[in-house]
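Secondary and tertiary structure notes
Residues per chain are reported as follows:
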Amino acid sequence: MPAYASIKKIVDVAERNRIVEKLLALRAQLNRDIPAKTATDTLLLATWNIREFGDNRLAESLYYIAEIISRFDLIAVQEVAANLDGLRNLVALLGPGCDYIVTDSTDGSAGGGERMAFIYDRHKVFFRKMAGELVLPEKNLLGEGLQFARTPFSVAFQAGWFRFILTTVHILYGTASKEDPRRVAEINAVAEFLNKRAKKEKEKESYILLGDFNIFGQGDATMKALETHKFYIPDAIKEHPTDLDKTKYYDQIALKLEIDTNMTVFAEGKQRAGAFDYTETIYLPQDVECYQRYFADQYVNGKTQQQIEKYYITNWRTFQMSDHLPLWIELKIDFSDQYLARIKSKVT
């Protein structure tokens, strides 16, 4: 649960009351749309591209982001800025039970200097002391001998009975084409690399590949590149677009599970998944007047009210929250009954 004490220190009464009212509405929506956390039975896993996430947001926005992230046990975050102050302030709001792992910043214009991070509840999720960036061997380099624009990040975790390697990506967008060749190549390369690694392991590991793949549609070559290499994307994930207009399937969660047949981590219709649309309760279109004082003069002076409202909806609020929705999935992690039953069958 996020820390709310600092809200009391806000001097502007109208601002303080607005934040409290919005948080209450946001909490009600989260209670409606996302399953409650459990102590041992399930893992709530999410991925969220938080647009250019640095020390560049109102304190109000951090409260909302923290409220959303607090509902998950483990979340991968893309577009973390080189300046980590924003991430550190967010983690401070999330409280002492929260921890994080973050990459170094990416050099080069394509990488944008960004980092990727995992934020997790250390009372529920155990970091298994293995983390690394995924670097392609020479024979598997992308066209013109290139590595990934933003290096994928793999970390070994365990939650309950479930041991897994979690890899997050932010695939190069490239052109506006739904099947940009470089984008297809990057998705194909990361999925192929992890699939081959999984085949070589003596002790089989479960892999989860998630993040911002910049996939436009379900039937695109970008989506097929994931599935070709034996990654399973649940229907409950596929059906949820993650851009604010709800037309693009940029973000994905793909599973490659190695676990006993009687231990089902995800079952369609039994566990839930979704994309959480925070625009239902915060930074609403009718709230533009509350925030107009924060807009740079160039977006207000000489502009019509319609132009100001468009800037607020399509630009300003996306830099306060994001232009992506968080995508999440509920995984089963307690297999005590199945394990005991298997022991019994072997004994008898």
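Further up the page is the structure itself.
1. Quick word on the sheet that holds strand β1 (residues 42–53)
Read from one edge to the other, the open sheet built from six strands follows the order β3-β4-β2-β1-β11-β10, with strand pairing classed as mixed. Two strands in the sheet have a free side with no partner beyond their single neighbour: β3 (98–102) and β10 (273–275). Adjacent strand axes in the sheet meet at a mean angle of 20 degrees when their direction is disregarded. Two elements, β1 and strand β11 (residues 327–332), share six bridges in a ladder whose sense is antiparallel. Within β11, the residue paired with T47 across the bridge is L327. Sheet contacts for helix α2 (residues 59–69): β1, β2 (74–80) and β4 (115–121); angle to β1, the most-contacted strand, approximately 155 degrees.

2. Regarding the packing of aromatic side chains
In the structure shown here, the tally under the stated rule is 21 aromatic pairs. Ring centres 5.2 Å apart and planes at 85 degrees place the aromatic pair F295 and Y311 in the edge-to-face group. One end of the pair, F295, is in the loop between α7 (288–291) and α8 (305–320); the other, Y311, is in helix α8, with 16 residues separating them in the sequence. Of the two residues examined, F295 and Y311, each falls in the buried class. These aromatic residues form a ring-pair network of at least three members: Y64, Y283, Y291, Y294, F295, Y299, Y311, Y312 and W316.

3. A closer look at the side chain of D243
With respect to the secondary-structure elements, D243 resides in the loop between α6 (235–238) and β9 (251–256). At 5.2 Å, K248 is the nearest oppositely charged side chain to D243, a buried residue that forms no salt bridge. Once you skip the residues sitting within four places of it in the chain, D243 turns out to touch K248, Y250, D323 and L325.

4. Side note on the sheet that holds strand β6 (residues 153–159)
Taken in spatial order, the five strands of this open sheet run β5-β6-β7-β8-β9, and their pairing is mixed. Taken across any chain shown, the strands that pair with only one partner, and hence form the sheet edges, are β5 (126–133) and β9. Geometrically, the sheet is characterised by an average inter-axis angle of 20 degrees between neighbouring strands, direction not taken into account. The strands that helix α4 (residues 181–200) touches are β7 (162–170), β8 (206–212) and β9; relative to β8, the one it contacts most, it runs at about 170 degrees.

5. What to know about the pairing of β9
A regular strand places its side chains on the two faces of the sheet in alternate fashion. Of all six residues making up β9, six are buried, and the element is well covered by its neighbours. Burial along β9 is two-sided: the face carrying D251, I253 and L255 and the face carrying Q252, A254 and K256 are both buried. The pairing of β8 with β9 spans six bridges and is antiparallel. For D212, the partnering residue across the bridge sits in β9 and is D251.

6. Details of α2
Extensive coverage of α2 is indicated by the burial of ten of its eleven residues. Within the sequence span of α2, burial applies to E60, S61, L62, Y63, Y64, I65, A66, E67, I68 and I69.

7. Here's the deal with helix α3 (residues 85–94)
Within the span of α3, buried status applies to G86, L87, L90, V91, L93 and L94. All buried residues of α3 project into a common sector of 155 degrees when viewed along the axis, lining one side. Where α3 is buried, its residues meet β1, α2, β2, β3 and β4. Looking one or two places after α3, you find G95, whose phi comes out positive at around 95 degrees.

8. A word on the packing of helix α1 (residues 13–33) against α2
α2 packs onto α1 with a crossing angle of 20 degrees between their chain directions and a minimal axis gap of 10 Å. In terms of their interaxial angle, α1 and α2 are classed as roughly parallel. In this structure, α1 crosses over α2, and the sense of that crossing is right-handed. Together, R18, I19, K22, L23, L26, R27 and L30 of α1 and E60, Y63, Y64, E67 and I68 of α2 make up the contact between the two elements. In terms of residue class, the contact of α1 with α2 is built from seven nonpolar, no polar and five charged.

9. Notes on unusual backbone geometry
Leaving glycine aside, a negative phi is the common case for residues, and trans is the common case for peptide bonds. With phi around 45 degrees, E52 is a residue other than glycine that occupies positive phi space. Its location among the elements puts E52 in strand β1. With a phi close to 65 degrees, K129 is a non-glycine residue in the positive phi region. As for its position among the elements, K129 is in strand β5.

10. Let's talk about a nonpolar patch on the surface
A cluster of nonpolar side chains, namely W161, Y339, L340 and I343, defines an oily patch on the protein surface of about 360 Å² accessible area. The residue L340 is located in helix α9 (residues 336–347) in this model. Accessibility expressed as a relative area gives 55% for L340, which makes it exposed.

Procedures and definitions
Residues numbered from 1 in each chain as written. Predicted model: local features only at pLDDT ≥ 70, side-chain atom pairs only at ≥ 80, totals over all residues. Heavy atoms only, no water. Pairing = 2+ DSSP bridges. Helix = DSSP H or I, 4+ residues; strand = E, 2+ residues; numbered from the N terminus. Axes fitted to C-alpha atoms, helices over the stretch in contact; angles between N-to-C directions. Contact = heavy atoms within 4.5 Å. Phe/Tyr/Trp six-rings, centres within 6.5 Å; stacked < 30°, edge-to-face > 60°. Buried < 20%, exposed > 50% of the residue type's maximum accessible area, 1.4 Å probe, protein only. Lys, Arg positive; Asp, Glu negative; His and termini not counted. Salt bridge = Lys/Arg side-chain N within 4 Å of Asp/Glu carboxyl O. Arc of directions from axis to C-beta. Parallel < 35°, antiparallel > 145°, perpendicular 65-115°, else oblique. Left-handed = near helix turned anticlockwise from the far one by under 90°. Nonpolar A, V, L, I, M, F, W, Y, C, P; charged D, E, K, R; others polar. Patch = residues over 30% accessible without salt bridge, like charges linked within 9 Å, V, L, I, M, F, W, Y side chains within 5 Å. Areas by Shrake-Rupley, 256 points an atom, 1.4 Å probe, with all protein chains shown as cover.

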